[in-house]
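# Summary of the model geometry
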Amino acid sequence: MTKHILVLHTGGTISMTENSEGDIMPSQHNPLLGADSFVPADVELTTEEIFNLPSPHMTPERMLELVKRIRQAEKEGSDGVVITHGTDTLEETAYFLDLTLDSAMPVVVTGAMRSSNEIGSDGLENLQSAIKTAASDDSRNKGTLVVMNDEIHTARFVTKTHTTNVATFRTPTFGPVGLVTKDGVRFFQELINQEVCAIDHLVDKVFLIKAYAGMDGTLFDALPEDTHGLTIEALGAGNLPPTTLPAIQRLLDRNIPIVLVSRCFNGVAQAVYNYEGGGVQLKKMGIIFCQGLNGQKARIKLQVGLSDGKQGQDLADFVDNAVS
Ligand SMILES: NC(=O)C[C@H](N)C(=O)O
């Protein structure tokens, strides 16, 4: 049966070209438009350029525009959607889609580390793998997936780990969920469902701050009056320098929800240390521990939860546990 796959291009290196000086720049004519000779025989492709942006120019407002286009595509009869995207913020857009699209339809995000005319360009290969994944029945009901370098990852846990290597996308702690091979798509890990928020607007003042040895309250006190929420990348298992605590308490007294993750690459944040600034104390103060997400993903989750109108325990339950 023919599968109708919509490809939405948003820009990034996959759509860029290298000039004679070696600079990589957005192309005036997207080299991916019309490149479809590699599409599997049972796939009918529709292609749209919704944006042509380097991914550092991506914003949550643009992510929401993308969500609305994907919801419409499902109504129009698409069997799956592929999004091409710059890799710098790919994981944030992918996770935003994962949290806001309430659908069984496969949604697959891909990109490239080498632009379209560089030697060893990985764009078309990644696009082909993403199309195969979006066309597979096995990809239904799996939330948003990220396909790069023959691997399938969940949007929830994948992260960019290398500035230039084509094997940059990794899933720390849990690993990839599947592979794209010559014969098709193979999943080897089950996915755990999560709550989806079908939001149609955004609250915007949600910040991310990284902790470091010797940190004090300066950055916390500098947050604007109308702050909606804050995510902190804390130390180790989930601890903070004691000199940050008075400023953090002032934010909590203003009813600003604070979500904590670890700045460590592997593992989950847990309230295990009971000393000044230790996780046990932070949890007692009312900080929400988010397990298994990195800082940029936890910030997206907090923003989506707040945009859905969640607060108090409801918000904490939504944010705190990404792994069950
Ligand atoms: N590989 C890439 O796509 C990186 C590029 N700077 C982007 O995110 O748009």
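Check the entry above for the structure.
A short tour of the structure in this document, coming up. (Residues numbered from 1 in each chain as written. Predicted model: local features only at pLDDT ≥ 70, side-chain atom pairs only at ≥ 80, totals over all residues. Heavy atoms only, no water.)

### Structural notes on the sheet that holds strand 16 (residues 288-289)
Strand pairing within a sheet occurs via backbone hydrogen bonds; the two strands may be parallel or antiparallel. Strands sit in the order 13-14-15-16 across an open sheet of four strands; the sheet is parallel. The strands lining the two open edges of the sheet, one partner per strand, are strand 13 (206-210) and strand 16. Note that strand 13 and strand 14 (residues 229-234) share five bridges and pair parallel. Residue I209 lies in a different strand from strand 14, and its bridge partner there is I232. Lying on the sheet, helix 7 (residues 295-307) is in contact with strand 13, strand 14 and strand 15 (258-262); it crosses strand 14 at an angle near 160°. (Pairing = 2+ DSSP bridges. Helix = DSSP H or I, 4+ residues; strand = E, 2+ residues; numbered from the N terminus. Contact = heavy atoms within 4.5 Å. Axes fitted to C-alpha atoms, helices over the stretch in contact; angles between N-to-C directions.)

### Section: unusual backbone geometry
Although it is not a glycine, D150 adopts a positive phi angle of roughly 70°. The topology assignment puts D150 in the loop between strand 7 (144-148) and strand 8 (151-154). Residue D150 is classed as partly exposed on the basis of its relative accessible area of 32%. Although it is not a glycine, N255 sits at a positive phi angle of roughly 65°. Checked against the element boundaries, N255 lands in the loop between helix 5 (245-253) and strand 15. (Buried < 20%, exposed > 50% of the residue type's maximum accessible area, 1.4 Å probe, protein only.)

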